[in-house]
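Coordinate inspection notes
Okay, here's what each chain looks like letter by letter:
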Amino acid sequence: MTAVHRWNRVGADGPRVDGELKVRGEAPYAYEQDAGERAYLAPIRSTIARGTVTTMDVDTVRTMDGVLLVLTPWNAPALADTSDAEFAVLQDIEVHFHGELIGAVVAETPEIAADAAARVTVEYDIRTQDSAFFADHPAAYEPDDLNGVTPVDESVGDVDAALAAAVHRVDEWYSTPEEHNNPMEPHATVARWEPDSGTLTMYDSTQVASSVSYEVARVLGMDTGDVRVVSPFVGGGFGSKGSPHAHNVLAAMAARELPGRAVTFALTRRQMFEIVGYRSPTVSHVQLGTDADGRLTALAHDSFSQTARVKEFAENASTVSRSVYATESRRTTHRMVPLDVPIPFWMRAPGESPGMFAVETALDELAHSAGIDPVELRIRNDAPVDPASGNPWSSRRLVECLRRGAEVFGWEGRDPRPALRRDGRWLVGTGMASAYYPHLINPGTRVSIRALPEGRYAVSTAAADIGQGAWTALTAIAADALGVDPDRISLHIGDSALPRAAVAGGSSGTATWGTTIVAAAEEFRAKYGDDPDIDDAVTTRTPELPQLERTTPASFGAHFVEVRVDADTGEVRVPRMRSVYSVGRVINPRTVRSQFLGGMIMGISMALQEHSVRDARFGHIVTADLAQYHFPVNADIEDIDAQWLDESDDVASPMGSRGAGEIGIVGSAAAVGNAVWHATGARLRSLPIQCDALL
Ligand code: MOS
């Protein structure tokens, strides 16, 4: 790539491009789009976890005033492609998990639809007695194949011998619970079958309009171009909107039966707990061995997670342990057990987040038993090359993050002994942990640039802004790459009719779309110069970045946390948190800082609050609303701040940026837990840490 651009807007602070629309209420979410004459869909969902639907009595609701359509497994249209079980909605009478979609009522109002759906009597042949919602014993778990993409198990050197010979050792089990994504905007989809053209328009809350279009078209037997998915503004997703789910198919199916009506399926919070994915519970067995100086000679991370019997999703907590620290010998494995539970899916830093909780807690235990400061222990084990591949890092500045974090937090002089500091009724402690997240660029994204009148440019790609700031970041990147002011950029994103774009996920969105915008701008300027004719245009796909084959780019960070634990009640507060990150060039300080703080808060949440309780008898989630599924409110988050190193990583992307979306949640829960140990002396290896465990 020849750089013809100068970074000017990229890296400069500035308000969100869509900020004014947001505060005026003029940035519509899917449900709020002007989609024409509405009809409202209420799902009928299974109240058993395993068995078959034997009858559904829909005769009375079919004739209710205002009911437009009732769908059941007996009258639902056949789908063209049922190979993905998640999308094979109403195609048979099997029930695979509690809350599965087994029917729908579409009516003139949401109230009529919900009332009618509730009146449908469903009978089942129940096989709950054969079902399993938990598997505690490791022997129940089997190797997963991670869909054949990544080798699940790997080992380097003789771990067992190194552990046996180690001077200092840790051998412990760590667990993280089932957790559910709860973005501000619940999932919603509005599907309209266009009677004249026989095409489908969907206003959807998604991280990836192009995939929703592709998958819905495939399942319905349509051309991708005939399913248009519109999604310009999205109120968060954290991964749960990184793929279509069953509700998209059900809405599309209903829309085809009601041409011209905008069939609106807005999931309730309760429905989200079973339909749009969640973080599977994980268990990690971590064994560490070091020499007398605390240098790792062995690191073994054996992880276990659950998946759904109906469709596999692997939350592999052990892969992260291949990359973060240097060690002479290493083993990482993952085992899974299929259960009668809803289908797990992405939740911010899937794998890395639970995995780093385990490893960073184990390192804290090691630091204590070896008598080495936890920051110093991590510095001693810094990896000069990527331990997973042996390739050089594009830039690894973890040590600088650790040192700077220690400085801004005031770590120096910390007494390492636990349970010594008391301020009135509060036990006080501090803890820290490292952060790591791989840098990814997704191939297959396309960007088009077209010259408009008055020196303006239309820059188009189906990217998604889920709150991370794509409108802002991509406008800045396009402006600099075309060498013009941002007000000359007319950015078009959030619509599958635009050139297709990869997901806003895996912390890869901005780097992927931005890299492609830069390539398109370079092609455009090479072809038409800086004074093009109106309608001069190019469409460009993500360039190959061969340097990424030989070099590992990754983001790093360090978290420092102070906690106070009420000596009488066990209540844990987090009065202070500081994190320092290395993510390459920060495209926009305001939006990236917000990503960091959001991740850190999600880490505090993971440490102290979030967990879903599954009923052991019937397999439903008991805590399926925001009254019972807790995460921090404003009053729970006190003095918190993020900093970053001033840098540019020219290997990672032409902007010099790496991924920044997920790293905030990686390691942060461990930092909180390590501080709780320092405050109380209680080493809690099972999240969340709640007051009952501290009394
Ligand atoms: Mo995020 S879990 O990569 O959407």
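Computed from a predicted structure; not experimentally measured.

A word on the overall build of the protein. Of the regular secondary structure elements, the protein holds 16 helices and 25 strands. In terms of overall size, the protein behaves like a compact globule, its C-alpha atoms giving a radius of gyration of 26 Å where 695 residues would be expected to give roughly 26 Å. Taken along the three principal axes of its C-alpha coordinates, the protein extends 75 × 70 × 50 Å. Among the 695 residues that make up the protein, the fraction classed as buried is 56%. In the protein, 82% of the contacts between residues at least 6 apart in sequence involve partners at least 24 apart.

On domain assignment, one finds that the protein holds domain 1 (19-29 + 442-544), domain 2 (33-128 + 182-275) and domain 3 (138-179 + 279-439 + 550-694). A separation of 37 Å is found between the C-alpha centroids of domain 2 and domain 3. At the interface, 19 residues of domain 2 touch 22 residues of domain 3. When its residues are assigned to classes, the side of domain 2 that touches domain 3 shows five nonpolar, nine polar and five charged.

Ordered by their spatial adjacency, seven strands build an open sheet running β3-β5-β1-β13-β10-β11-β12, and the pairing between neighbours is mixed. Edge positions in the sheet fall to β3 (67-71) and β12 (227-230), since each of these pairs with one other strand and no more. Neighbour to neighbour, the strand axes of the sheet diverge by 20° on average, direction disregarded. Looking at chain direction, strand β1 (residues 38-45) and strand β13 (residues 262-266) are connected through three bridges and run parallel. Looking across to β13, one finds that A39 is bridged to V263. Packed onto the sheet, helix α3 (residues 110-119) meets β1, β3 and β5 (101-107) and runs at close to 20° relative to β1. The strands touched by helix α6 (residues 246-257) within the sheet are β1, β3, β5, β10 (188-194), β11 (199-204) and β13, with β10 carrying the most contacts at an inclination of about 30°.

The subject of this paragraph is the pairing of strand β23 (residues 554-566). Of all 13 residues making up β23, twelve are buried, and the element is well covered by its neighbours. Direction of pairing for strand β18 (residues 426-438) relative to β23: antiparallel, over a ladder of 13 bridges. What sits directly across from V428, in β23, is R564. One ladder, built from nine bridges, connects β23 with strand β24 (residues 572-582); its direction is antiparallel. The residue bridging R564 from the neighbouring strand is R573, located in β24. Counting the residues between successive antiparallel strands, the hairpin from β23 to β24 contains five residues, one of them, G570, with a positive phi of roughly 80°.

Of the residues in the protein, 98% have a pLDDT of 70 or more, and the chain-wide mean is 96. The ipTM, which scores confidence in the relative placement of chains, is 0.96 for this predicted complex, and the corresponding pTM is 0.97.

To continue, consider helix α11 (residues 470-482). Under the 1.5 Å per step criterion, the end-to-end length of α11 is 17 Å for 13 residues, consistent within 8% with the ideal 18 Å. The buried count for α11 comes to 13 of 13 residues, which makes it a mostly enclosed element. One or two positions beyond α11, positive phi appears at G483, with a value near 70°.

The next subject is the packing of helix α8 (residues 352-370) against helix α15 (residues 668-680). Orientation of α8 relative to α15, taken along the N-to-C sense of each, is 35°, at an axis distance of 8 Å. Once α8 is placed against α15, the crossing between them reads as right-handed. Counted together, M356, F357, E360, T361 and D364 of α8 and A669, A670, G673, N674 and W677 of α15 form the full contact between these two elements. For the contact of α8 with α15, the residue count by class is five nonpolar, three polar and two charged.

This part takes up the environment of L695. Among the secondary structure elements, L695 is positioned in the segment after α16 (691-694). The class for L695 is exposed, based on 11 C-beta atoms found within 10 Å. For the pair L695 and E274, spaced 421 residues apart in the sequence, the C-alpha separation amounts to 33 Å.

This part is about the sheet that holds strand β2 (residues 51-57). Pairing in this open sheet of three strands is antiparallel, and the strands run β4-β2-β6 from one edge to the other. Bordering the open sheet on either side are β4 (94-95) and β6 (121-126), each of which pairs with just one other strand.

So, about the pairing of strand β14 (residues 282-290). The buried count for β14 comes to eight of nine residues, which makes it a mostly enclosed element. Here strand β9 (residues 168-176) runs beside β14; their pairing, made up of nine bridges, is antiparallel. For Y174, the partnering residue across the bridge sits in β14 and is S284. Inspection of the sheet shows β14 paired to strand β15 (residues 296-308) by nine bridges, in the antiparallel sense.

What follows is about unusual backbone geometry. Each neighbour pair has its own omega, and for L687 with P688 the value is -5°, a cis peptide bond. As for its placement among the helices and strands, P688 is situated in the loop between α15 and α16. Even without a glycine there, the phi angle at A419 is positive, about 60°. Tracing the sequence through the fold places A419 in the loop between α10 (398-409) and β17 (421-423). The backbone phi angle of E454 is positive, close to 60°, even though this residue is not glycine. Relative to the assigned elements, E454 resides in the loop between β19 (446-451) and β20 (457-460).

An α-helical turn contains 3.6 residues, so any two residues separated by three or four positions project in the same direction. The end-to-end C-alpha distance of α8 is 26 Å, a good match for the 27 Å that 19 residues give at a rise of 1.5 Å each. Residue G371 follows α8 closely and has a positive phi angle near 70°.

Further remarks concern the environment of G599. Locating G599 in the fold gives a position in helix α14 (residues 589-608). On the basis of neighbour counts, which here come to 30 C-beta atoms within 10 Å, the residue G599 falls in the buried class. For the pair formed by G599 and A660, sequence separation is 61 residues and the distance between their alpha carbons is 9.6 Å. Setting aside chain neighbours within four positions, we find G599 in contact with R348, E662, I663, G664, I665 and S668.

Right, let's get into the environment of G11. With respect to the helices and strands, G11 occurs in the segment before α1 (19-24). A tally of 18 C-beta atoms within 10 Å means that G11 is categorised as partly exposed. The sequence separation of G11 and F233 amounts to 222 residues, and the corresponding C-alpha distance is 23 Å. Non-local contacts of G11, meaning those with residues more than four positions away in its chain, are made with R585, V586 and I587.

When two helices pack together, their arrangement is given by the angle between the helix axes and by the axis-to-axis distance. Closest axis-to-axis distance for the α14/α15 pair is 7 Å, and the angle between their directions is 50°. What the angle tells us is that α14 and α15 run oblique. In this structure, α14 meets α15 at a crossing whose hand is right-handed. In contact with G599, M600, G603, I604, M606, A607 and L608 of α14, α15 contributes S668, A669, V672 and G673.

Rules and cut-offs
- Residues numbered from 1 in each chain as written.
- Predicted model: local features only at pLDDT ≥ 70, side-chain atom pairs only at ≥ 80, totals over all residues.
- Helix = DSSP H or I, 4+ residues; strand = E, 2+ residues; numbered from the N terminus.
- Rg over C-alpha atoms; globule rule 2.2 N^0.38 Å.
- Buried ≥ 20, exposed ≤ 12 C-beta atoms within 10 Å, placed from the backbone.
- Contact = placed C-beta atoms within 7 Å.
- Domains from an automatic or database assignment.
- Nonpolar A, V, L, I, M, F, W, Y, C, P; charged D, E, K, R; others polar.
- Pairing = 2+ DSSP bridges.
- Axes fitted to C-alpha atoms, helices over the stretch in contact; angles between N-to-C directions.
- pLDDT = per-residue confidence, 0-100.
- Expected span 1.5 Å × (residues − 1).
- Left-handed = near helix turned anticlockwise from the far one by under 90°.
- Parallel < 35°, antiparallel > 145°, perpendicular 65-115°, else oblique.

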